[in-house]
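# Structural overview for review
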Amino acid sequence: MALSQRELHVRRILDLYGDSLFRLACSYLRNEADAQEVVQDTIIQLLRYEPDFNGDAAKEKGWLMKTAANLSRNRLRFQKAHAAEELPDNTESTQDADLKFVWEATGNLPERYREVIHLFYQEGYSVKEIAEIVGRREGTVRSDLFRAREKLKEILKDSYDFE
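Now for a quick tour of the structure. (Residues numbered from 1 in each chain as written. Predicted model: local features only at pLDDT ≥ 70, side-chain atom pairs only at ≥ 80, totals over all residues. Heavy atoms only, no water.)

## Some remarks on the environment of Ala57
Put simply, the rule reads: Helix numbers and strand numbers start at the N terminus; a helix is a DSSP run of H or I with at least 4 residues, a strand a run of E with at least 2. Exposure categories follow from relative accessible area, calculated using a 1.4 Å probe and restricted to protein chains: below 20% of the type maximum is buried, above 50% is exposed, and the middle band is partly exposed.
Mapped onto the elements, Ala57 comes out in helix H3 (residues 57–81). Its relative accessible area of 43% is what places Ala57 among the partly exposed residues. Along the backbone, Ala57 and Leu16 are 41 residues apart, and their C-alpha atoms lie at a distance of 9.7 Å.

## Structural notes on the nonpolar core
Counted only if it meets this: Throughout this description, the term nonpolar core refers to a set of buried Ala, Val, Leu, Ile, Met, Phe, Trp, Tyr and Cys residues connected via side-chain atoms within 4.5 Å.
Residues Leu119 and Val141 are the most contacted members of the largest nonpolar core, which totals 40 residues. For this core, the elements supplying multiple residues, two or more each, are helix H1 (5–29), helix H2 (32–49), H3, helix H4 (100–106), helix H5 (111–122), helix H6 (127–134) and helix H7 (138–160). Per element, the largest residue contribution to this core is eight residues, and it comes from H1.

## A look at the packing of aromatic side chains
Stated formally: Only the six-membered ring of Trp is used, alongside the rings of Phe and Tyr, when aromatic pairs are assigned; centres must lie within 6.5 Å, and planes under 30 degrees apart are stacked while those over 60 apart are edge-to-face, with the rest tilted. Here, over-ring charges are defined by two tests on the NZ atom of lysine or the CZ atom of arginine: distance to the ring centre within 6 Å, and angle to the ring normal within 35 degrees.
The final tally for this structure, using the stated rule, is two aromatic pairs. With a centroid separation of 4.9 Å and an interplanar angle of 80°, the aromatic rings of Phe120 and Tyr121 are classed as edge-to-face. Assessed through its relative accessible area of 28%, Phe120 is described here as partly exposed. The positively charged end of Arg149 is found above the aromatic ring belonging to Phe120, 5.6 Å away from the centroid.

Structural data, given as structure tokens:
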């Protein structure tokens, strides 16, 4: 059975960006099921709006990441408004076991800091690209990264006796 062009397009998107989208959604939602739904909703948005990236993979990934970030934030606002109970984070990290405790500590950061840390360190985005994805000024993103690092140092110092 031959696959349609849309099915091939979705498979290509999921192969290329599925893990990144899922990790980004997990960094916001800290729940695998919700993160999977955000990835699905992101693909639905892609199919609905059919943006033209003119073959530019960076623009395509940026659009997908921004859409996933927005959908994740929307889901968090909805959950907060409806007093949904947050489930514990059981998401397995693809990071080395040596750094797993750092990513666990990152989960204790406020959402605004978690997102910039994730996009900068795990996804490799520049400050400028992060500013576009999260809808903040570059200076604000730099400040958020600085503050996130400082808070992370405090958490690691307190929890793991790091200096």
